[in-house]
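Here's the letter readout for the chains.
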Amino acid sequence: MAFDFDLFVIGGGSGGVRAARLAAGEAGAKVGLAEEYRLGGTCVIRGCVPKKLMVFASGYPRLVEDAQAYGWEAQIGSFDWNTFKPKLHAELDRLEGLYGNTLNNAGVEVFDARATLEDAHTVRLGDGRTFTAKHILVAVGGWPYVPEFDVADEILTSNEIFHLEKLPKNILIVGGGFIACEFACILNGMGVEVTQYYRGEQILRGFDGEARGHVAELMREGGVNLHVGTDVLEMKKVDGGLWVKSADGKEGVYEKVMYATGRRPNTANLGLDKAGVKTGRNGEIIVDEYSQTSVPSIYAVGDVTDRINLTPVAIREGAAFVETVFHGRPTKPDHELVASAVFTQPELGCVGLTEEQAREQEPIEVYATSFRPMQSLFAGRPDRVMMKLIVSQETRKVLGVHIVSEGAGELIQMAAIAVKMGATKEDFDRTVAVHPTMSEELVTMKAPVRSA
Ligand code: NDP
């Protein structure tokens, strides 16, 4: 049977674009791609990229305070969202354009439309056109999840936060994961009064316990009004914002309320049932190790599969799919030892097992240090860096590295190479320190603080 395309990709985010580009460019396949919103997907348009630019913007008051402490005559005024916002969006437009150029240059036919599945080899566009394809890749990502309540229309999610008309005077952020913690710090840095509610005992569930505690403490010291063990009980619209009552009886009026309570796979009304693609409890597309769904001609990569929901992982999954399907080299994306960073203030970078996970697995030693880094100590800031290595007693391999510090996102990338290579504690020890740096502590921790 002759198909219209060798590959049709639904979704123009990180995973879909990488797969389309490689299949069309390197493998010479005839590729179509449909994107209903903007090329670049969550990462570029309403995630990692605009978030990181806001992280940078929010960090300047601290730098100016430091500059003053170091002898500079420096003053900082208030943050002007209306100066920053157009520049932010111009940058996103530029990146979106680059994504379009990349696809065009590779020969991918891009459809500015929503596409749904008709059957194992057919997609239907919003305008009714249908196309057949030998292979279909679903890479539609995720969507913010908000619990149901009456004033749900009034609240912000990470989709809307980049489009505020003005910065609010105060905000309540609900959630304790990546997005909630990052935006609590960003908005706090921009001068917004931030209250954060998290329903559990400690923010950043899933990360190393001590690292979570350290981040929470420093977020509070930095000015975030963080409440754990509480949630929104009641909320109603009032003049000037939303009145909120918490489960532990606190009441307050917030100009804005943001929910960052997780993201769900974007699979509603995608025609998965029609095509026979199996999904899991949260709507995620179930795939095997090669990203193949229950329908052999249909694959899925990225957040829609709810494996590790990070851009670089989606990109690797997209590339592995092309290796497997278009180069005949079956390739499993590598989900082991994926490093990640939470861009809070200070940042949290980690790779490998947490102490809690490692204890369950085998006997370990824990090496840890906490100190005041030279630069901020001199400036009189109360920052404290935390670094922690989890080491296998038997193999001596470093099973996990956890860093809470400025620039931890940058540091952990380097540490991740060593951990991925299987470095032992002794490999770390015989690496001569770079002095004076913060990261030299990673190779100078002599004795374990505990064994377990
Ligand atoms: P997360 O899953 O990280 O966090 C969701 C948070 O919301 C958790 O604290 C969760 O609590 C809480 N929550 C869930 N449901 C409810 C509810 N009904 N009521 C109250 N609280 C609730 O999701 P995010 O939205 O923060 O981020 C989504 C994903 O995007 C991340 O998992 C990550 O993969 C990715 N991401 C990565 C970033 C990075 O790499 N720096 C940055 C931003 C996002 P509990 O812990 O109790 O379940």
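Structure's up top.
These remarks concern the structure in this document. Model, not experiment: these values are computed from the prediction.

1. Description of the sheet that holds strand β14 (residues 256-259)
Overall, parallel pairing links the four strands, which are arranged β10-β9-β8-β14 in an open sheet. Every interior strand has two partners, whereas the edge strands, β10 (225-228) and β14, have only one. Within the sheet, the average angular offset between the axes of one strand and its neighbour, ignoring direction, is 15°. Pairing between strand β9 (residues 193-198) and β10: four bridges, direction parallel.

2. Comments concerning the packing of aromatic side chains
In this structure the tally under the stated criterion is 14 aromatic pairs. An angle of 45° between the planes, with centres 5.9 Å apart, marks the rings of W81 and F84 as tilted. With W81 and F84 both in helix α4 (residues 81-106), this residue pair falls three residues apart, about one helical turn. Accessibility assignment for this pair places W81 and F84 in one class, buried. With a centroid separation of 6.1 Å and an interplanar angle of 80°, the aromatic rings of F321 and F326 are classed as edge-to-face. Each of the two residues, F321 as well as F326, counts as buried. Here a set of aromatic residues connected by ring pairs shows up, and it is made of F5, F8, F111 and F131. If you follow R264 out to its NZ or CZ, it ends over the ring of Y145, 3.9 Å from the centre. Stacked on the ring of Y367, the Lys or Arg K425 has its end atom at 4.4 Å from the ring centre.

3. Quick notes on the site of the ligand
Surrounding the ligand, one finds 21 residues, the nearest of these being I179, Y198, R205, N309 and A341. Side-chain polar atom of Y198 to an oxygen atom of the ligand: 2.7 Å apart, as the coordinates give it. The contact in question runs from an oxygen atom of the ligand to an N or O atom on the side chain of R199, over 2.9 Å. Summarising the interface, the protein chains cover 78% of the accessible area of the ligand, which totals 910 Å² for the free molecule. Ranked by the residues each element gives to the shell around the ligand, the list is headed by helix α5 (residues 178-189), at three residues. The residue makeup of the shell around the ligand, split by class, is nine nonpolar, six polar and six charged.

4. Things to note about the nonpolar core
Formed by 42 residues in total, the largest nonpolar core has its most connected members in I161, I171, I173, L187 and I203. Broken down by secondary-structure element, the contributors of at least two residues to this core are α3 (48-69), α4, β8 (170-174), α5, β9, α6 (209-222), β17 (340-342) and β18 (347-352). Take this core: its biggest share by element is seven residues, from α5. Grouped together as the second largest cluster of nonpolar side chains are 25 residues, I10, I136, V138 and L270 included.

5. Considerations on the packing of helix α1 (residues 14-25) against helix α8 (residues 311-326)
Axis separation between α1 and α8 bottoms out at 7 Å; the angle between their running directions is 30°. Classified by the interaxial angle, the pair formed by α1 and α8 is roughly parallel. The chirality of how α1 crosses α8 is right-handed. Contacts between α1 and α8 pair S14, G15, R18, A19, L22 and A23 from the former with T311, A314, I315, G318, A319, F321, V322 and F326 from the latter. A per-class count over the contact of α1 with α8 returns nine nonpolar, four polar and one charged.

6. Description of the side chain of Q196
Within the secondary structure layout, Q196 lies in strand β9. A relative accessible area of 0% means that Q196 is categorised as buried. A distance of 2.9 Å separates a polar atom in the side chain of Q196 from the backbone oxygen of G175.

7. Section: the sheet that holds strand β12 (residues 241-246)
Read across the open sheet, the three strands follow the order β11-β12-β13; overall the sheet is antiparallel. On the outer flanks of this sheet lie β11 (232-238) and β13 (251-254), each paired with one strand and no other. Direction aside, neighbouring strands of the sheet carry axes that sit 20° apart on average. Both β11 and β12 contribute to a ladder of six bridges, which runs antiparallel. By the bridge assignment for β12, K237 is matched with L242.

8. So, the side chain of E362
Within the secondary structure layout, E362 lies in the loop between α9 (355-361) and β19 (364-371). For the buried residue E362, which engages in no salt bridge, the nearest side chain bearing the opposite charge is K397, 9.2 Å off. A distance of 2.5 Å separates polar atoms of two side chains, one belonging to E362 and the other to S392. Those residues in contact with E362, other than ones at most four positions away along the chain, are S392, L399 and A452.

9. Considering the environment of F131
Checked against the element boundaries, F131 lands in strand β6 (residues 130-138). Contact partners of F131, with chain neighbours within four places excluded, come to D4, F5, F8, F111, H121, T122, V123 and L125.

10. Some words on the environment of I171
Its location among the elements puts I171 in strand β8. Sequence spacing of I171 and M258 is 87 residues, and the spatial spacing of their C-alpha atoms is 7.3 Å. Not counting residues up to four positions away in its chain, the partners in contact with I171 are L156, I161, L187, V192, E193, V194, T195, Y254, K256, V257 and M258.

Rules of the game
- Residues numbered from 1 in each chain as written.
- Predicted model: local features only at pLDDT ≥ 70, side-chain atom pairs only at ≥ 80, totals over all residues.
- Heavy atoms only, no water.
- Pairing = 2+ DSSP bridges.
- Helix = DSSP H or I, 4+ residues; strand = E, 2+ residues; numbered from the N terminus.
- Axes fitted to C-alpha atoms, helices over the stretch in contact; angles between N-to-C directions.
- Phe/Tyr/Trp six-rings, centres within 6.5 Å; stacked < 30°, edge-to-face > 60°.
- Buried < 20%, exposed > 50% of the residue type's maximum accessible area, 1.4 Å probe, protein only.
- Lys NZ or Arg CZ within 6 Å of the ring centre and 35° of its normal.
- Near = heavy atom within 4 Å.
- Polar contact = N/O pair within 3.5 Å; in protein donor to acceptor, adjacent residues only side chain to side chain.
- Areas by Shrake-Rupley, 256 points an atom, 1.4 Å probe, with all protein chains shown as cover.
- Nonpolar A, V, L, I, M, F, W, Y, C, P; charged D, E, K, R; others polar.
- Core = buried A, V, L, I, M, F, W, Y, C linked by side-chain atoms within 4.5 Å.
- Parallel < 35°, antiparallel > 145°, perpendicular 65-115°, else oblique.
- Left-handed = near helix turned anticlockwise from the far one by under 90°.
- Contact = heavy atoms within 4.5 Å.
- Lys, Arg positive; Asp, Glu negative; His and termini not counted.
- Salt bridge = Lys/Arg side-chain N within 4 Å of Asp/Glu carboxyl O.

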